[in-house]
Amino acid sequence: MRSIRAASTQTICDCADCPSYALTAHLQRSADQAERHHQANARDGWTDVEGRDYCPGCPTDRPEDEHDHAGAWDEALA
Ligand SMILES: [Zn+2]
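What comes next concerns the included structure. (Residues numbered from 1 in each chain as written. Predicted model: local features only at pLDDT ≥ 70, side-chain atom pairs only at ≥ 80, totals over all residues.)

1. Quick look at the environment of Met1
- On the secondary structure map, Met1 appears in the segment before β1 (2–4).
- Among the residues examined, Met1 registers 11 C-beta atoms within 10 Å and is labelled exposed.
- Taking the C-alpha atoms as reference, Met1 lies 5.1 Å from Ile12; in sequence the two are eleven residues apart.
- The contacts of Met1, once residues within four sequence positions are left out, are Ile12, Asp14 and Asp53. (Helix = DSSP H or I, 4+ residues; strand = E, 2+ residues; numbered from the N terminus. Buried ≥ 20, exposed ≤ 12 C-beta atoms within 10 Å, placed from the backbone. Contact = placed C-beta atoms within 7 Å.)

2. Looking at the sheet that holds strand β3 (residues 21–25)
- Ordered by their spatial adjacency, three strands build an open sheet running β1-β2-β3, and the pairing between neighbours is antiparallel. Whereas interior strands pair on both sides, the edge strands pair on one side only; in this sheet they are β1 and β3. Taking each pair of neighbouring strands and ignoring which way they run, the sheet shows an average axis angle of 10°.
- As judged from the five bridges shared by strand β2 (residues 8–12) and β3, these two strands associate in the antiparallel manner. The partner of Ser8 across the bridge, within β3, is Ala25.
- Contacting β1, β2 and β3, helix α1 (residues 33–43) runs over the sheet at an angle of about 40° to β2. (Pairing = 2+ DSSP bridges. Axes fitted to C-alpha atoms, helices over the stretch in contact; angles between N-to-C directions.)

In structure tokens:
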């Protein structure tokens, strides 16, 4: 789920019960910021399935009980 605000673009994982999100802050909004945010997420391993977003810990080809909702993938990327 994406939410676009005046100074930020946020993507929240659409997998049930997953708390993961990605946030990009902007000083000033321009037309392509949401697109750049989305591309950065794709590089980090986020998946877009028909407009729904899944974090790198939630591979859409795996059953939900194999997902990493604890967010350990986030520390691995950092
Ligand atoms: Zn997730």
